Amino acid sequence: MPKKAALANHYSSDELKQKYLKSKDSVAFGPRYANESRRWHLLWKVSLGWTIKTSAIAVGINYDYGK
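Computed from a predicted structure; not experimentally measured. (Residues numbered from 1 in each chain as written. Predicted model: local features only at pLDDT ≥ 70, side-chain atom pairs only at ≥ 80, totals over all residues. Heavy atoms only, no water.)

Visitor: Just to check I follow, could you spell out the pattern of salt bridges for this structure?
Guide: Should their charged atoms come close, side chains of opposite charge can pair. The tally for this structure, following the rule as stated, stands at one salt bridge. In this structure, lysine 67 and aspartate 64 form a salt bridge, with 3.7 Å as the shortest nitrogen-oxygen distance. Side by side, lysine 67 and aspartate 64 carry an identical accessibility label, which is exposed. (Salt bridge = Lys/Arg side-chain N within 4 Å of Asp/Glu carboxyl O. Buried < 20%, exposed > 50% of the residue type's maximum accessible area, 1.4 Å probe, protein only.)

Visitor: Help me out: how do you make sense of the side chain of lysine 45 in this one?
Guide: For lysine 45, the position within the fold is in helix H2 (residues 36–47). Sequence-distant contacts of lysine 45, defined by excluding residues within four places in its chain, comprise Trp50 and Ser55. (Helix = DSSP H or I, 4+ residues; strand = E, 2+ residues; numbered from the N terminus. Contact = heavy atoms within 4.5 Å.)

Visitor: Would you mind going over the nonpolar core with me for this structure?
Guide: In globular proteins that are soluble, nonpolar side chains generally tend to be buried together. Counting residues in each nonpolar core, the largest one holds six residues, listed as Leu42, Val46, Ile52, Ala56, Val59 and Ile61. Secondary-structure elements contributing two or more residues to this core are H2 and helix H3 (52–59). Per element, the largest residue contribution to this core is three residues, and it comes from H3. If we ignore the near neighbours within four places in the chain, the residues touching valine 46 are Ala5, Leu7, Thr51, Ile52 and Ser55. (Core = buried A, V, L, I, M, F, W, Y, C linked by side-chain atoms within 4.5 Å.)

Visitor: For this particular structure, what's the right way to read H3?
Guide: One turn of the α-helix equals 3.6 residues, which is why residues spaced by three or four share an orientation. Among all positions in H3, only Ile52, Ser55, Ala56 and Val59 are buried. Here the buried residues of H3 occupy an arc of 100° about the axis, which is enough to place them on one side. Packing partners of the buried residues in H3 comprise H2 and helix H4 (63–66). Phi for glycine 60, located one or two positions after H3, is positive at around 90°. (Arc of directions from axis to C-beta.)

Quick look at the structure:
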């Protein structure tokens with residue numbers, strides 16, 4: 001079983017969820033914002049106890065990018 005990631009306690013799970021839901025994931029905003037939504041989504045899933053690997057699969061990003 002893979003090790004679970006430890007997140008610093010900067011944001012609660014609810015705050016990460018809100019950041020995910022409010023984030024923009026559009027190429028129109030430039031490369032900096034192209035994956036913002038996916039990053040917040042991954043962090044939210046990990047904060048709920050998901051592994052990085054299963055979170056990356058659920059969010060649709062590469063595992064190596066996620067870790």
